[in-house]
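Now for the letters of each chain:
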Amino acid sequence: MRTDVAIVGAGPAGLSLAACLAGSGLGVVLVERSAEAVLARPPFDGREIALNHTSQARLSQLGAWGRLSAEEVAPLGEARVLNGHMPLTLRLSPPERAGEPLGWFVPNHALRRSLYETVAERGEARFLCGRTAVGLELGSRDARLELDDGSAISARLIVAADTRFSRLRGLAGIAADRLDFGKTMIVARVEHEKPNGRVATEWYAHGYTIAMLPLGDHLSSAVLTVSPAEAERLMALSPEEYGAEVMRRYEGRLGRMRLVSTRHAYPLVAVCARRFIARRFALAGDAAVGMHPTTAHGYNLGLSGAWTLACRLREAAWRGADPGGASPLFAYAAAHRRASLPMYHATNAIARLYTDERAVAFLARAAVLAAGAALAPVRRAIVAQLMARPTALAAA
Ligand SMILES: Cc1cc2nc3c(=O)[nH]c(=O)nc-3n(C[C@H](O)[C@H](O)[C@H](O)COP(=O)(O)OP(=O)(O)OC[C@H]3O[C@@H](n4cnc5c(N)ncnc54)[C@H](O)[C@@H]3O)c2cc1C
């Protein structure tokens, strides 16, 4: 089989790239190891993806946002960060006149479904599901992808969006820096007695971190970060015991709690590829930069990278140039590094500071919170970044 662009991985990043390439005239093949029925109806995986305004606008333009039901989109009114039992709270809220939320929470499975429907309905990209990419050859004239059923695809460009533990990244000879936080994040939905006021809280308690993400007035995603051994114990609790445990750890702030979903545990490992491209090859999504979830940037960055890459590929196609050539790939890599690296390092620094139990770290957290709480320009800058709208939607 021959194509212009072969994308490995039909997760949120791979599907976003395929959606961004619709109408470009480029042939696109998506290789995904899950069955197509799973892409059409992905199971709940506990992740509630916080989307900023840029991502929301881009998903709207792609046609994916409109496919989400009202129950699947939860506006975020305010975010608060607390350190232990210190009275000081860092509050982030939209300017009063904006009349808009800070961002939105969308369940990961709903995001994946809406992106799949968007791409499938256009009918331009070809899906090869139930197949795993196992081999790679990057030549000067074209690239070749080998699949586990013995078939092969020859493409002008191969894009790997195959998770943060990307197999293709290694096959392309690209090294990656890996940071294991030695913690596990457990995510699950809980119903609670008291309303959450659409406020998300992140609370750094002693020995664990707990975040509550508002999904409805009396429904939140409880995000618990603990040691791997503790995570194993918590995953083995009965649903009733787990609900009571979350309520206890949240010190009853939202009253009685009841677990209303399955629990999902994610070991916290951040990964950043040393290079984003090779000959006729590019990394996208978590395969390029796999973020610690604490600052909720992973998919937002994945979408922004997919958008940037698609813009460069569309320009190349429009000029009749080679989409796998050096020029679009270098432009993508430079822009995506500029956008993602500062965020990656800042997120790792925050995640380290907030999972460190030493007294000195407690004081450092207190100082950071005090500075953030006291300095209105800092808070305004964070809010402005969350609520920024893209200016060049027409470019893709
Ligand atoms: C608990 C948690 C909370 C998060 N919260 C947020 C948030 O609030 N905001 C945010 O922006 N981000 C968040 N993220 C990050 C976000 O979920 C990821 O950045 C995003 O899912 C990455 O998408 P991806 O397509 O790159 O990779 P993945 O979702 O990992 O998808 C990769 C796909 O590739 C397929 N695949 C892998 N290898 C192969 C192969 N060899 N051949 C064929 N197919 C293959 C897999 O089956 C899969 O479908 C969170 C992450 C976690 C864990």
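Residues numbered from 1 in each chain as written. Predicted model: local features only at pLDDT ≥ 70, side-chain atom pairs only at ≥ 80, totals over all residues.

Moving on: the sheet that holds strand 7 (residues 103–107). Pairing within the open sheet is antiparallel, and its 3 strands lie in the order 3-7-4. Two strands lie at the open edges of the sheet, namely strand 3 (48–51) and strand 4 (74–76), each paired on one side alone. Ignoring which end each strand starts from, the neighbouring axes of this sheet average 30° apart. Relative to strand 7, strand 4 is paired through 3 bridges, and the arrangement is antiparallel. Directly across from Leu76, in strand 7, lies its bridge partner Gly103. Along the sheet, helix 4 (residues 108–122) makes contact with strand 3 and strand 7, crossing strand 7 at roughly 85°. (Pairing = 2+ DSSP bridges. Helix = DSSP H or I, 4+ residues; strand = E, 2+ residues; numbered from the N terminus. Axes fitted to C-alpha atoms, helices over the stretch in contact; angles between N-to-C directions. Contact = placed C-beta atoms within 7 Å.)

It is worth spelling out the nonpolar core at this point. With 108 residues, the main nonpolar core has Leu17, Ile158, Ala282 and Ala284 as its most contacted residues. A total of 9 residues in this core trace back to one element, the largest contributor, which is helix 8 (residues 298–319). In contact with Ile158, not counting residues within four places along its chain, are Ala6, Val8, Leu136, Ala143, Leu145, Arg280 and Phe281. (Core = buried A, V, L, I, M, F, W, Y, C linked by C-beta atoms within 7 Å. Buried ≥ 20, exposed ≤ 12 C-beta atoms within 10 Å, placed from the backbone.)

All right, on to the site of the ligand then. Gly9, Gly11, Gly285, Ala296 and Gly298 are the nearest of the 33 residues found near the ligand. Elements represented by at least two residues in the shell around the ligand include exactly helix 1 (12–20), strand 2 (28–32), strand 3, strand 12 (176–192) and helix 8. Counting residues per element, the shell around the ligand draws most heavily on helix 8, at 4 residues. Of the residues contributing to the shell around the ligand, the split by class is 15 nonpolar, 12 polar and 6 charged. (Near = placed C-beta within 6 Å. Nonpolar A, V, L, I, M, F, W, Y, C, P; charged D, E, K, R; others polar.)

What follows deals with helix 3 (residues 53–62). Of all 10 residues in helix 3, 7 are buried; the element is thus mostly enclosed. Among all positions in helix 3, only His53, Thr54, Ser55, Gln56, Arg58, Leu59 and Leu62 are buried.

With that out of the way, let us pick up unusual backbone geometry. A positive phi angle, near 60°, is found at Arg198, a position not held by glycine. With respect to the helices and strands, the residue Arg198 is situated in the loop between strand 12 and strand 13 (199–205). The exposure class assigned to Arg198 is partly exposed, which follows from the 17 C-beta atoms found within 10 Å. Phi is positive for Ala296, which is not a glycine, with a value near 55°. Positionally, Ala296 belongs in the loop between strand 20 (289–290) and helix 8. Given 23 C-beta atoms within a 10 Å radius, Ala296 is considered buried.

The next subject is the packing of helix 1 against helix 4. Interhelical geometry of helix 1 versus helix 4 gives an angle of 30° and a closest axis separation of 9 Å. Relative to helix 4, helix 1 is oriented roughly parallel. Two packed elements cross with a definite hand, and for helix 1 against helix 4 that hand is left-handed. Contacts between helix 1 and helix 4 involve Pro12, Leu15, Ser16, Ala18 and Ala19 on the former and, on the latter, Leu111, Arg112, Leu115, Tyr116, Thr118 and Val119. The class makeup of the residues in the contact of helix 1 with helix 4 is 8 nonpolar, 2 polar and 1 charged. (Parallel < 35°, antiparallel > 145°, perpendicular 65-115°, else oblique. Left-handed = near helix turned anticlockwise from the far one by under 90°.)

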